Amino acid sequence: MSIKIAFYGETANIGTTSNMILFAWMMALKKPEQAVLVEKKGKQYVLWKGISEKESYLFMDCGNGKTKEAKYRLMRADLVVVNLPSEPEYMEPYFLYKPHGKERIFFLVGNYHGKKDELKRCMKNIYRVEEQDVGWIPYNNEYAYFWKKGKISGFIREYQKKNVAEHNRCFFEEMEHSFFLLQKKIEAQSNELENRR
């Protein structure tokens, strides 16, 4: 069975594509027996081959969801990862105008700069989003550099080292925790799909 995970961001420059690639790599590292595929601009790429043919993960880049193809991917996704900006005033339009079924949505606040507690209160108290439904990715200069150079695998190698540089430690800890929450959401959706069969 293939689990389809769509990454969507209402605005540009909030890291939708880079977050998708980062989480696809995390899935490949955590579940090496299963295939991980990435779909960008209508083309599929095998990120990790795996050895099991039973289950695979397809990470789909839907950008801002405005194209016909992106809308189709969002409709057929088993889980949608909504990338939100880290400024509360820019989050509001999403929650005001976008109806969503929370059971198949995971929110990801990317590129935040040091105001996580305020953002967490905003998500919980104003938008009524539970902590287990939100991941957090802090801004990281080194990650941005590797992303621009198209060498994300180099950054992943840094993550796999035992002695991680101190300036990357917070980023990797947040990434790990966010991936853990996303994985739980994926497993819940996978179980629900199995039960429907």
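Counting restarts for each chain, with residues numbered from 1 along the sequence as it is written. pLDDT decides what is reported in this predicted model: residues at 70 or higher carry local features, side-chain atom pairs at 80 or more are listed and counted, and totals for whole chains, interfaces and linings draw on all residues regardless. The side-chain figures draw on all heavy atoms in the structure; neither hydrogens nor water molecules are used.

Draft legend 1. Inspection of the side chain of Asn 19 at higher detail. The numbering of helices and of strands both runs from the N terminus, where a helix is a DSSP run of H or I of at least 4 residues and a strand a run of E of at least 2. For Asn 19, the location among the structural elements is in helix H1 (residues 16–30). Burial here depends on accessible area, computed with a 1.4 Å probe over protein chains only, as a share of the maximum for the residue type. Under 20% is buried, over 50% is exposed, and the range in between is partly exposed. The exposure class assigned to Asn 19 is buried, which follows from its relative accessible area of 3%. Only heavy atoms enter the contact rule, under which two residues are in contact if any of them lie within 4.5 Å. Setting aside chain neighbours within four positions, we find Asn 19 in contact with Phe 7, Ile 14, Asn 83, Leu 108, Gly 110, Ile 137 and Tyr 143.

Draft legend 2. Quick look at the pattern of salt bridges. Between Lys or Arg on one side and Asp or Glu on the other, a salt bridge is scored when a side-chain nitrogen of the former is within 4 Å of a carboxyl oxygen of the latter. Here the structure, examined in full by the defined rule, presents eight salt bridges. Put simply, Arg 169 and Glu 166 hold a salt bridge, and the shortest N to O gap is 3.2 Å. Here Arg 169 pairs with Glu 166, and both are found in helix H7 (residues 166–196), just three residues apart, close to one helical turn. With relative accessibility at 34%, the residue Arg 169 sits in the partly exposed group.

Draft legend 3. A look at the environment of Trp 147. Within the element layout of this structure, Trp 147 appears in helix H5 (residues 141–149). The exposure class of Trp 147 is partly exposed, given its relative accessible area of 31%. Trp 147 has contacts with Thr 17, Ser 18, Ile 21 and Ile 152, leaving out every residue within four places of it along the chain.

Draft legend 4. Fine view of the pairing of strand S7 (residues 134–138). Counted residue by residue, S7 has five buried out of five residues, so it is predominantly covered. Here S7 shows no split at all, with Val 134, Trp 136 and Pro 138 on one side and Gly 135 and Ile 137 on the other all buried. Should DSSP find at least two bridges between two strands, the strands are taken to pair. Bridging between strand S6 (residues 105–112) and S7 involves five bridges; their strand directions are parallel. Bridging across to S7, Phe 107 finds its partner in Val 134.

Draft legend 5. Structural context of the environment of Leu 108. If you trace the backbone, Leu 108 turns up in strand S6. Here Leu 108 falls in the buried class, since its relative accessible area comes to 1%. Measuring from C-alpha to C-alpha, the distance between Leu 108 and Glu 118 comes to 15 Å, with 10 residues separating the pair along the chain. Residues within four places of Leu 108 in sequence aside, it is in contact with Phe 7, Asn 19, Phe 23, Val 81, Val 82, Asn 83, Leu 84, Gly 135, Trp 136, Ile 137 and Ser 178.

Draft legend 6. Structural detail: the nonpolar core. To qualify as a nonpolar core, a set must consist of buried Ala, Val, Leu, Ile, Met, Phe, Trp, Tyr and Cys residues joined through side-chain atoms within 4.5 Å. Residues Phe 23 and Phe 59 are the most contacted members of the largest nonpolar core, which totals 36 residues. Considering each element in turn, this core owes the most residues, nine residues, to H1. In this structure, Ala 6, Tyr 8, Val 82 and Met 91 belong to the second largest nonpolar core, which totals 27 residues.

Draft legend 7. Geometry of the pairing of strand S3 (residues 43–48). Pairing of strand S2 (residues 34–40) with S3 involves five bridges; the strand directions are antiparallel. Bridge pairing links Lys 40 to Lys 43 in S3. The turn joining S2 and S3, which pair antiparallel and follow one another in sequence, is formed by two residues; a positive phi near 50 degrees is taken by Lys 41.

Draft legend 8. Layout of the packing of aromatic side chains. Two rings from Phe, Tyr or Trp (for Trp, the six-membered ring) form a pair when their centres are within 6.5 Å of each other. A pair whose planes differ by under 30 degrees is stacked, one over 60 is edge-to-face, and the rest are tilted. The tally for this structure, following the rule as stated, stands at 12 aromatic pairs. A centroid spacing of 6.1 Å and a plane angle of 35 degrees characterise the contact between Phe 7 and Phe 59, whose relative ring orientation is tilted. Taken together, the residues Phe 7 in strand S1 (residues 2–9) and Phe 59 in strand S4 (residues 52–61) connect sequence positions 52 residues apart. Residue Phe 7 shares its accessibility class with Phe 59, and that shared class is buried. For the pair Phe 155 and Phe 172, a centre-to-centre distance of 5.2 Å together with 40 degrees between the ring planes defines the contact as tilted. Linking Phe 155 in helix H6 (residues 152–160) with Phe 172 in helix H7, this pair joins segments that are 17 residues apart in sequence. Within the aromatic cluster, the residues linked to one another by ring pairs are Tyr 143, Tyr 145, Phe 146, Phe 155, Tyr 159, Phe 171 and Phe 172.

That is the geometry; function is a separate question.
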